[in-house]
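Residues per chain, in single letters:
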Amino acid sequence: MGTVVDDAAAAEFHAFFERHYAELSRLARLLTGEPDAADDLAADALLALWHRWDRVRAADHPVAYARGVVANLARTRVRTAVRERRRVALFWSQREERTEDPDVAGVVDVQEALRRLPFRKRACVVLRHAFDLSEKDTALALGVSVGTVKSQTSKAVAELQRLLGTQAVPKRVHAAIARSGGAAGRNR
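Everything numeric here is computed off the predicted structure, so don't read it as measured data. (Residues numbered from 1 in each chain as written. Predicted model: local features only at pLDDT ≥ 70, side-chain atom pairs only at ≥ 80, totals over all residues. Heavy atoms only, no water.)

Peer 1: Explain the overall build of the chain to me, and be specific about the residues and the numbers.
Peer 2: Per the secondary structure count, the chain includes 9 helices and 0 strands. Residues counted as buried form 33% of the 188 residues belonging to the chain. Nonlocal contacts in the chain, meaning residues at least 24 apart in sequence, comprise 66% of its contacts between residues at least 6 apart. When the accessible surface of the chain is split by element, carbon and sulfur atoms take 52% of a total near 11900 Å². (Helix = DSSP H or I, 4+ residues; strand = E, 2+ residues; numbered from the N terminus. Buried < 20%, exposed > 50% of the residue type's maximum accessible area, 1.4 Å probe, protein only. Contact = heavy atoms within 4.5 Å. Areas by Shrake-Rupley, 256 points an atom, 1.4 Å probe, with all protein chains shown as cover.)

Peer 1: Just give me the short version of the side chain of Thr138, but keep the residues and values in it.
Peer 2: Tracing the sequence through the fold places Thr138 in helix H7 (residues 135-142). What makes Thr138 buried here is its relative accessible area of 0%. Among all residues touching Thr138, those that are not within four sequence positions of it are Cys124, Leu127, Arg128, Leu133 and Val149.

Peer 1: Explain the packing of aromatic side chains to me, and be specific about the residues and the numbers.
Peer 2: A complete count under the given rule lists 5 aromatic pairs for this structure. With 6.5 Å between their ring centres and 50 degrees between their planes, Phe13 and Phe17 make a pair best called tilted. One end of the pair is Phe13 and the other is Phe17, both in helix H1 (residues 2-32) and 4 residues apart, which spans about a single turn. Assessed through its relative accessible area of 12%, Phe13 is described here as buried. (Phe/Tyr/Trp six-rings, centres within 6.5 Å; stacked < 30°, edge-to-face > 60°.)

Peer 1: Hey, could you go over the pattern of salt bridges for me, with residue numbers and the actual values?
Peer 2: Within this structure, the stated rule accounts for 5 salt bridges. Salt-bridge contacts for Glu12 lead to Arg57; the nearest nitrogen and oxygen are separated by 2.8 Å. Taken together, the positions of Glu12 in helix H1 and Arg57 in helix H3 (residues 53-58) put the pair 45 residues apart, joining distant regions of the chain. Given a relative accessible area of 36%, Glu12 falls into the partly exposed group. For Arg57, a relative accessible area of 34% puts it in the partly exposed group. One salt bridge in this structure joins Lys121 and Glu159, with 3.5 Å as the shortest N-O distance. (Salt bridge = Lys/Arg side-chain N within 4 Å of Asp/Glu carboxyl O.)

Peer 1: Explain the confidence of the model for the chain to me, and be specific about the residues and the numbers.
Peer 2: Low-pLDDT portions of the prediction should not be read for the details of their coordinates. Residue-level pLDDT values for the chain average 79, and 76% of them are 70 or greater. Across the chain, element-level confidence peaks in helix H2 (residues 35-51) with a mean pLDDT of 91 and bottoms out in helix H9 (residues 169-179) with 62. (pLDDT = per-residue confidence, 0-100.)

Peer 1: Residues and numbers for the packing of helix H6 (residues 119-130) against H7, please.
Peer 2: For any two helices packed against each other, the geometry is given by the interaxial angle and the distance between the axes. In contact at an axis separation of 10 Å, H6 and H7 are set at 135 degrees when each is read in the N-to-C sense. Considered as vectors, H6 and H7 are oriented oblique to each other. Note on packing geometry: the crossing formed by H6 with H7 is right-handed. Contact residues: Ala123, Cys124, Leu127 and Arg128 in H6; Glu135, Thr138, Ala141 and Leu142 in H7. Of the residues that constitute the contact of H6 with H7, the class distribution is 5 nonpolar, 1 polar and 2 charged. (Axes fitted to C-alpha atoms, helices over the stretch in contact; angles between N-to-C directions. Parallel < 35°, antiparallel > 145°, perpendicular 65-115°, else oblique. Left-handed = near helix turned anticlockwise from the far one by under 90°. Nonpolar A, V, L, I, M, F, W, Y, C, P; charged D, E, K, R; others polar.)

So this is what it looks like as structure tokens:
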């Protein structure tokens, strides 16, 4: 009796696949902008659906569920691609910034102040001021909204000003990162 249910489920899934694969592939292509990856994402989504087919077929809107799986896979792919592009860009765009008389104490102060910030605030201020990323690029890199980047950066700068006792925080952050061996991430 279990075989009949499995055969019925397989036939139902096959029909679902035939009806919706092209649509899911098109959705993936539009979400990622990568025609070559769209078929793979649609196939990965359908594989995930097959593993949960008993729950998917019982859902009120199985196609909506499938679209959500494609959207999540596409989001992950885009985030991964953005992170990889950032890493490559940072690696290849490293400028050797040498300072005749480095302010070692200043670098240590800024690094210590940055360590005292919560991760998201630290990440926002470093990406915005040390790597000169736009608010949008910072938001993409961190997977948050532009509004979050704006508020976290503003709060971080205010906290750094309090900790460092200076109004020139963005310049000091940029200079400290440059003096400590280039862009953050080179030594990590």
